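Each chain, letter by letter, is given below.
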Amino acid sequence: MRAKKSPLSLRVFNLLRSEFQFIVPKELETVPSELFDTYPIDIDFSHHPLPQSKHHIQVFVRIKINHTKKRAGYSIEVEGMGVFELNQRGLNEEVVSNLRIFSTLNMVINNL
């Protein structure tokens, strides 16, 4: 298989906010991996076309892990923003839509 250049590229990424806290478990025998499986995870995101360009998309993402109930262990909140360029030439609308919505979101989450 031969790799080919993606029509979607991340042009700008900014980490806007990062908050980290460790809440000490009351029971010393608590295994951290058991805590991880119980953490609530909340992901908010929004897509915005840039008004001066038909080919650029701005994506904001906020991820909160164990942020509402503050269970023992880690509590994390991060926010980030990415600007993407999408070359739509030769692509059908379904592919463009998937790249615009799903791929951009996954790339920002990966960078966070």
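Treat the numbers as computed from the prediction; the structure is a model and nothing was measured. (Residues numbered from 1 in each chain as written. Predicted model: local features only at pLDDT ≥ 70, side-chain atom pairs only at ≥ 80, totals over all residues. Heavy atoms only, no water.)

Caption draft 1: Expanded view of the pairing of strand β2 (residues 41–49). The sheet contact formed by β2 and strand β3 (residues 56–65) spans nine bridges and is antiparallel. Along β3, the bridge assignment pairs His-48 with Gln-58. The turn joining β2 and β3, which pair antiparallel and follow one another in sequence, is formed by six residues. (Pairing = 2+ DSSP bridges. Helix = DSSP H or I, 4+ residues; strand = E, 2+ residues; numbered from the N terminus.)

Caption draft 2: Main features of the pairing of strand β4 (residues 73–86). Counting buried positions over the 14 residues of β4 gives eleven, a clear majority of the element. In terms of strand pairing, strand β1 (residues 8–23) meets β4 through 14 bridges, oriented antiparallel. Each bridged residue has a counterpart across the sheet, and for Leu-10 the counterpart in β4 is Phe-84. The pairing of β3 with β4 spans ten bridges and is antiparallel. Bridge pairing in β4 places His-56 opposite Glu-85. (Buried < 20%, exposed > 50% of the residue type's maximum accessible area, 1.4 Å probe, protein only.)

Caption draft 3: How the structure looks around unusual backbone geometry. A positive phi angle, near 55 degrees, is found at Asn-66, a position not held by glycine. Secondary-structure assignment places Asn-66 in the loop between β3 and β4. By relative accessible area, Asn-66 is classed as buried at 0%.

Caption draft 4: Up close: the packing of aromatic side chains. Applying the stated rule across the entire model yields four aromatic pairs. Relative to Tyr-74, the ring of Phe-22 lies with its centre 5.1 Å away and its plane at 65 degrees, an arrangement referred to as edge-to-face. With Phe-22 in strand β1 and Tyr-74 in strand β4, this residue pair connects regions lying 52 residues apart in the sequence. When its relative accessible area of 30% is taken as the criterion, Tyr-74 is described as partly exposed. Their ring planes at 35 degrees and their centres at 5.9 Å tell us that Phe-36 and Tyr-74 sit as a pair that is tilted. Taken together, the positions of Phe-36 in helix α1 (residues 32–36) and Tyr-74 in strand β4 put the pair 38 residues apart, joining distant regions of the chain. (Phe/Tyr/Trp six-rings, centres within 6.5 Å; stacked < 30°, edge-to-face > 60°.)

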